[in-house]
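Chain residues, written in single-letter form:
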Amino acid sequence: MSDFEKKIIEFKSRLNSTQDSNEIELIRTDIFSKNGFLNSQFKKLGSLSEDEKKTFASNINKAKQELLEIFRVKASEVSDRDLYEKIKKEKVDVTLPEKEFKIGKIHPVSQVIDEISCIFSEIGFSVEEGPDVENDYNNFTALNTPEDHPAKDMHDTFYLDENMKTLLRTHTSPVQVRTMLKGKPPFKIIAPGRTYRSDSDQTHTPMFHQLEGLHIDKNINMGHLKGCLNYFIKEFFEVDKIKMRFRPSHFPFTEPSAEVDIGYRIEKNKIIIGEGDKWLEVLGCGMVHPNVLKNCKVDPKNYQGFAFGIGIDRLAMLKYGINDLRSFFECDYRWLNYYGFDPLDVPTNYRGLSK
Amino acid sequence: MKFTKDWLDVHLKTNKSESQIIQKLNSIGLEVEKVEPIKNELSDFIVAKIIKANKHPNADRLKLCDVDIGKKDTLKVVCGAPNARDGLLTIYAPPGSVIPKNGMKLEVSKIRGETSYGMLCSESELKLSNESEGIIDLNDKYKTKIGKSFFGEKKGKNVIELSITPNRPDCLGVRGIARDLSASNFGKLKELRKSKVKKNIKHNLKIKIEKNKNQPCSIFGSCIIKNIKNTESPGWLKNRILALGLRPISAVVDITNYVMFDLNRPLHAYDLDKIKNKITVRNSKKGESFKALDNKNYTLDKEMCVISDDEGVLGLGGVIGGERSSTETHTKNILLESAYFDPSIIRKTAKKLDLNSDAKFRFERGVDPQSVTTGLDSAIELILEICGGEVSKFDVQQTKKFKDLEIKFDPKMVLKTVGTNININEIKKILSNLGFTVKTKGKFLNVKVPSWRPDIFGEIDLVEEVIRIIGFEKIRSIEPEKKRTKPTLNYFQKHFHLAQRSVASKGYLETITWSFTDEKINNKFKEKLESVKIVNPISSDLSVLRNSLYPNLIFYLEKNLNRGFGDQALFEIGPTFTGKKPGQQITVVCGIKKQSIDEDNNLKKNDLIDVFHIKKDLVQSLTELEIRKEDFKVVENTPSYYHPGISGSIVSKDGNLVLGHFGALHPKIISNTFGFEIFLENLVEYKAKNKKFKESLTFSDYQKSDRDFAFLVNKDTRAQDLTEVIQNIDKNLIKEIKIFDVYEGENIPSGKKSIALKVTIQSDHKTLDENDLTNISKKIVSTVEEKTGAKLRS
């Protein structure tokens with residue numbers, strides 16, 4: 001046996017017997033590095049005759065392949081063993097809390113505004129807005145509410161000046177006026193927003209939310225009004241059938257005027273909407289008064305249509321079982337968390353309004 | 001407006017039941033608010049038991065009793081009766097009830113320092129006997145009746161209460177309600193009884209309406225009734241008065257009230273013998289005063305309508321009578337007034353004096369001017385029947401003629417408005433039954449409006465009358481068309497919606513707070529804005545419109561802290577006000593964050609929030625709103641409510657538009673709290689101006705190289721100043737700059753700091769070689785050193 005062969009056997013046995021990754025690295029250097037065994041053998045080739053060279057080179061290469069294979073198997077065996085041993089020691093208590101996260105919430109009023117917008121979007125209404133501070137003309141006069149009329153008593157108004165010319169709007173109806181004055185018919189809009197009345201008790205807050213609706217075109221009549229609101233109420237409460245009645249009423253800005261009641265009953269202290277023999281008022285509506293159209297530069301001979309006003313907070317309370325109107329504005333952390341909506345829960349037509 | 005079915009029967013011949021009538025009233029626009037069992041004078045008096053008769057702490061003869069009246073809790077009642085004792089069954093009168101013996105109305109009162117809720121009654125007080133020694137001692141039989149009315153309630157009879165809309169004064173009288181029902185095929189309206197009273201005696205009191213400016217009184221009708229006996233009203237009349245929720249006083253007063261509620265015709269009775277010489281209806285002089293029937297003194301402004309005699313003001317016309325000329329039980333001769341006053345002036349007067357009365361409520365809505373004599377006739381009929389006496393001829397002073405309005409009505413308007421065809425004969429019948437005079441003229445109807453309907457002005461009002469009586473349920477509903485011609489939300493509204501949900505998705509709870517706030521807190525946030533004061537605020541701590549969203553958010557944040565919630569993130573999106581004119585408002589998104597400091601929680605220690613957390617929330621939301629980092633810059637000047645050293649503003653690249661602020665709130669306002677504001681109009685304006693179309697995506701596959709630099713700069717140099725300079729050196733090659741260390745301390749001269757940054761360099765066209773990279777690196781160093789005074793650290 002040549003020295004070369006002896007050396008190869010020695011390397012093989014060294015590799016086979018070790019279980020230590022450092023030792024393996026040492027052996028690797030001894031064999032394969034620049035100054036290692038194999039290179040030193042290759043260097044010898046130069047001093048050999050052509051025939052010897054050929055045989056020896058082939059021997060070295062053969063030995064190199066063998067050693068490489070043994071080395072690869074050994075190295076992966078040892079590194080696997082090291083890894084498993086390391087893993088064995090790694091153990092965390094996965095029941096410890098995750099990193100803290102906070103889920104934000106959308107206020108029920110905002111959610112309901114989005115729901116309502118979604119419903120009316122489907123039948124071609126677009127969203128308009130108006131300022132919270134209004135003048136007396138847009139809030140009352142243009143809407144056919146005469147000076148010193150008891151109808152004004154229905155709105156306990158917050159005024160911003162002693163002459164009672166600027167005020168916080170008592171309803172969203174002035175948006176009707178603004179919309180009509182700045183554009184040309186037809187009009188088909190809804191206008192959600194904050195409204196204000198100086199009233200504060202169990203069921204009233206000085207600020208609340210309304211949604212105005214206005215549809216003016218050539219031949220829009222009370223049949224359209226009924227159809228529109230029937231559709232809205234059914235969609236909003238996400239039911240196929242709902243008991244509903246239109247009851248004549250009076251608003252200065254509509255004629256004829258109606259209030260809409262929906263049927264309900266109380267079952268185990270919970271309100272069940274849409275059936276039963278009790279009535280709950282949910283909105284006011286009517287055909288826009290010709291005087292309002294005239295005030296808004298729309299010719300009542302050619303155009304007519306309907307308007308409605310919905311109490312958004314009230315609808316939110318009914319749909320989501322919230323008992324106290326005042327709680328909407330008290331910002332109680334627990335309330336916001338409980339009644340709020342996930343921001344990803346955007347009402348859409350294809351997915352449905354609510355989760 | 002209250003009435004009973006039997007009262008309605010006076011005017012309406014009908015076979016419909018009470019419940020049918022209630023349903024009908026609702027469907028024709030006379031909303032039924034309440035139906036309640038009728039109360040008689042005595043139903044208030046309740047069987048009660050003294051649980052404990054304690055000694056009154058401040059009076060020897062009085063007792064402080066715990067009384068069981070059948071409710072959950074017992075009541076405290078002070079009682080002076082010697083027989084008040086533990087376990088006694090007796091009769092209890094609650095506050096608000098009227099003691100039959102003396103007509104005294106009970107109130108909650110303090111007796112020798114102890115509050116007494118009502119009274120325990122003696123037999124004489126209830127007019128059961130003359131026994132006034134001690135309170136009633138009921139036998140054991142009443143043990144099961146505690147809480148029940150002693151005299152029993154009349155079963156089956158109800159008071160129906162309507163909520164009459166302000167346009168329908170005619171239905172503030174029972175007859176008006178009957179008329180509407182008859183028009184709805186619910187019976188026949190009975191004719192008013194013709195007066196058979198002989199008016200024999202002379203009306204010898206001179207009455208004059210003066211021609212003053214804006215004199216609201218245009219008709220003053222009256223008659224004199226002599227030698228009456230003003231007794232107690234008979235039972236039927238008393239019961240009607242009680243049904244109205246009023247208190248029977250005397251026949252004359254009860255009759256005038258009865259006619260008012262029966263015909264919507266207010267009347268007033270004067271004691272004739274107390275009137276000095278003559279009656280003048282005139283405008284008041286400033287400073288005149290009188291004592292009204294409510295026992296209060298009123299000092300008048302000028303131009304209020306007064307009824308006066310030679311001695312001064314007798315009463316305020318159409319609003320309230322005066323005490324000086326009031327009728328009493330011994331009154332023998334009266335003057336009965338039936339007048340007409342202009343609604344708007346009555347309203348102004350009553351509002352100025354803060355005075356409310358049933359008469360004022362009717363006159364300001366509109367009383368039938370043609371009902372002056374009908375009202376007198378109705379009243380004298382009753383007065384003569386109950387009190388006897390002789391009546392004079394009527395004296396009617398009138399300064400203005402009232403003409404019934406005529407409307408040319410195209411019946412096609414009904415179809416046009418409601419979409420459902422109504423037969424012309426039906427239309428005519430409904431209008432006639434409501435009291436309109438209808439004549440056909442070709443295709444049109446000539447419709448004369450009855451004098452009791454001041455709410456009818458034009459054709460549309462007639463359409464309303466017709467459809468209201470027909471019933472809204474008869475209108476055919478038309479399904480809405482599912483067609484959209486315009487986008488639902490405009491550009492701004494889309495951003496509102498997105499901003500709201502973007503901020504919420506960062507863990508903030510959306511709140512909605514009042515648009516007004518506490519002026520004291522608001523002052524800390526208003527900066528240069530004017531306070532917008534509310535003239536009549538709901539409370540003194542909600543007296544200004546908010547100039548910022550912070551005052552309310554902080555208020556509620558602190559409330560939640562007190563509830564024990566330390567970690568909080570709240571936000572609101574809504575208006576803040578920049579002035580008091582319509583439109584002087586902007587839309588702000590404001591978030592506020594507070595973290596509780598929990599020393600024991602090691603797990604959380606590395607997660608403490610600082611200004612860069614709030615900046616992250618803001619910048620991430622801006623990014624989601626497609627305002628990218630290269631679109632804005634950060635500047636240090638912020639409003640004074642932020643911590644001056646730990647806050648910044650996000651402004652447009654040109655510095656002209658403020659998009660938002662962020663930072664620690666000023667510690668003097670609130671400690672350890674961070675917040676941000678986004679100004680939505682500015683943001684949307686900026687975005688709209690710099691609208692970029694999304695180009696098709698290209699990216700470079702050539703080698704990317706990173707080079708690190710550390711610059712020694714002055715302590716007050718801002719990181720942004722370095723990155724801006726580097727960015728501008730070659731926008732094509734420099735893809736990203738990341739600051740990875742800011743260091744002061746050892747090896748750094750005082751007044752200096754080291755900023756270390758990593759610049760990513762990549763070409764879109766070739767692989768950069770060592771030479772290219774060296775060149776750009778050198779350029780970065782030289783430009784930064786030249787423009788910022790920084791020195792590369794070696």
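Keep in mind that this is a model prediction, so the values were computed, not measured. (Residues numbered from 1 in each chain as written. Chains lettered and ligands numbered in written order. Predicted model: local features only at pLDDT ≥ 70, side-chain atom pairs only at ≥ 80, totals over all residues.)

Go over the domain arrangement of chain B with me, naming the residues and quoting the values.
Splitting chain B by domain gives domain 1 (2–40 + 156–189), domain 2 (46–145), domain 3 (199–398), domain 4 (406–474), domain 5 (491–689) and domain 6 (705–792). Each of domain 1 of chain B and domain 2 of chain B has a C-alpha centre, and the two are 39 Å apart. (Domains from an automatic or database assignment.)

Please set out the packing of helix H5 (residues 251–263) of chain B against helix H8 (residues 372–387) of chain B residue by residue, giving values where relevant.
Residue and element names in this part refer to chain B. Viewed as axis vectors pointing N to C, H5 and H8 meet at an angle of 145 degrees, and their least axial separation amounts to 10 Å. As H5 packs across H8, the resulting crossing turns out to be right-handed. For the pair formed by H5 and H8, the contact residues are Ala251, Val252, Ile255, Thr256, Val259 and Leu263 on the first element and Thr374, Gly375, Ser378, Ala379, Leu382, Ile383, Ile386 and Cys387 on the second. For the contact of H5 with H8, the class distribution of residues is 10 nonpolar, 4 polar and no charged. (Axes fitted to C-alpha atoms, helices over the stretch in contact; angles between N-to-C directions. Helix = DSSP H or I, 4+ residues; strand = E, 2+ residues; numbered from the N terminus. Left-handed = near helix turned anticlockwise from the far one by under 90°. Contact = placed C-beta atoms within 7 Å. Nonpolar A, V, L, I, M, F, W, Y, C, P; charged D, E, K, R; others polar.)

Quick one: what's the story with the domain arrangement of chain A, residue by residue and with numbers?
Looking at the assigned domains, one finds that chain A contains domain 1 (3–89) and domain 2 (108–339). Here domain 1 of chain A and domain 2 of chain A have C-alpha centroids that lie 88 Å from each other.

With reference to specific residues and values, describe the environment of Trp452 of chain B.
All names here are of chain B. Relative to the assigned elements, Trp452 resides in the loop between strand E29 (444–448) and helix H11 (459–470). The spatial distance from the C-alpha of Trp452 to the C-alpha of Ala688 is 59 Å, given a sequence separation of 236 residues. Those residues in contact with Trp452 that sit more than four places away from it in its chain are Asp170, Gly176 and Asp368.

Which residues make up the pairing of strand E5 (residues 207–217) of chain A, and what values do they have?
Residue and element names in this part refer to chain A. The buried fraction of E5 amounts to 9 of the 11 residues, a majority that puts the element mostly inside the structure. With 10 bridges connecting them, strand E4 (residues 187–196) and E5 associate as antiparallel partners. Opposite Gly193, over in E5, you have Gln210 as the bridge partner. (Buried ≥ 20, exposed ≤ 12 C-beta atoms within 10 Å, placed from the backbone. Pairing = 2+ DSSP bridges.)

Which residues make up the nonpolar core, and what values go with them?
Of all hydrophobic cores here, the largest spans 171 residues; its most connected members are Cys285 of chain A together with Ile225, Leu336, Ala379, Ile383 and Val466 of chain B. Here the element with the most residues in this core is H5 of chain B; it accounts for 9 residues. The contact partners of Val466 of chain B, leaving out residues within four places of it in the chain, are Val414, Ile422, Ile427, Ile430 and Leu431 of chain B. (Core = buried A, V, L, I, M, F, W, Y, C linked by C-beta atoms within 7 Å.)

So what's going on with the confidence of the model for chain B? Which residues, and what values?
Residues and elements named next belong to chain B. Here chain B averages 91 in pLDDT, while 98% of its residues score no lower than 70. Across chain B, strand E30 (residues 509–510) holds the top mean pLDDT of 98, while strand E9 (residues 104–105) sits lowest at 80. Interface confidence for the predicted complex, given as ipTM, is 0.87, next to a pTM of 0.84. (pLDDT = per-residue confidence, 0-100.)

Account for the sheet that holds strand E27 (residues 406–409) of chain B, naming residues and giving values.
Residue and element names in this part refer to chain B. Read from one edge to the other, the open sheet built from 3 strands follows the order E27-E29-E28, with strand pairing classed as antiparallel. Two strands lie at the open edges of the sheet, namely E27 and strand E28 (437–441), each paired on one side alone. Across this sheet, the average inter-strand angle for adjacent strands is 20 degrees, counted without regard to direction. As defined by bridge partners, E28 adjoins E29 across 5 bridges and the pair is classed as antiparallel.

For the interface of chain B and chain A, give the residues involved together with the corresponding values.
With 76 residues of chain B at the interface, the matching set in chain A holds 65 residues. Tallying contributions element by element places H11 of chain B first for the side of chain B that touches chain A, with 6 residues. In the side of chain B that touches chain A, the residues fall into 27 nonpolar, 25 polar and 24 charged.

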